[in-house]
Amino acid sequence: MKIEIDYIKQILNSIEDCDNNDYPSLKYLMDSLGVSTDIEIIKFRFHLNILKDGGFIESRSNDFGISTGMNGHIIINSSVGTRITLNGSQLLESLKNDT
């Protein structure tokens, strides 16, 4: 899957825009980004992992609350929270300045 920088920017913006929680829930992030289909969830999880690998976000769960069951169906734990790190805030500022 190809990394989409604009999508990474949208994810970081959604986390930063959540004023009422320092660990916005998976449900909040998925709703704010309009993620609902399995294909969208897979794309979302891929980009979350890229951000985690780079040290730009942290989650209360290693899988961000998105897992695949033994039958291949996607399982969502919508209460799992994810937060932006200092590096993530700096990346977001850089992405905002590029546009």
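Residues numbered from 1 in each chain as written. Predicted model: local features only at pLDDT ≥ 70, side-chain atom pairs only at ≥ 80, totals over all residues. Heavy atoms only, no water.

K.L.:
Help me understand the overall build of the chain in this model?
P.N.:
For the chain, the count of helices and strands is 4 helices and 4 strands. Taking 2.2 N^0.38 as the reference for a compact globule, 99 residues should give roughly 13 Å; the C-alpha atoms of the chain span a radius of gyration of 13 Å, in line with that estimate. Dimensions along the principal axes, computed over C-alpha positions, put the chain at roughly 45 × 30 × 25 Å. Looking at the chain residue by residue over its 99 residues, the buried ones come to 36%. For the chain, restricting intrachain contacts to residue pairs at least 6 apart in sequence, the fraction spanning at least 24 positions comes to 63%. On the chain, roughly 5,800 Å² of surface is accessible, and the fraction owed to carbon and sulfur atoms is 48%. Across the chain, the mean location of the 9 positive side-chain charges is 3 Å away from that of the 14 negative side-chain charges. (Helix = DSSP H or I, 4+ residues; strand = E, 2+ residues; numbered from the N terminus. Rg over C-alpha atoms; globule rule 2.2 N^0.38 Å. Buried < 20%, exposed > 50% of the residue type's maximum accessible area, 1.4 Å probe, protein only. Contact = heavy atoms within 4.5 Å. Areas by Shrake-Rupley, 256 points an atom, 1.4 Å probe, with all protein chains shown as cover. Lys, Arg positive; Asp, Glu negative; His and termini not counted. Charge placed at Lys NZ, Arg CZ, Asp CG, Glu CD.)

K.L.:
Quick question: what am I supposed to make of the packing of helix 1 (residues 5-17) against helix 2 (residues 26-33) here?
P.N.:
Axes are the key here: two packed helices are described by the angle between their axes and the distance separating the axes. Their axes nearest at 10 Å, the elements helix 1 and helix 2 cross at an angle of 125 degrees. Judged on the interaxial angle alone, helix 2 and helix 1 are oblique. The chirality of how helix 1 crosses helix 2 is right-handed. Touching Tyr7, Gln10, Ile11, Ser14, Ile15 and Asp17 of helix 1 are Tyr28, Leu29, Ser32 and Leu33, all from helix 2. (Axes fitted to C-alpha atoms, helices over the stretch in contact; angles between N-to-C directions. Parallel < 35°, antiparallel > 145°, perpendicular 65-115°, else oblique. Left-handed = near helix turned anticlockwise from the far one by under 90°.)

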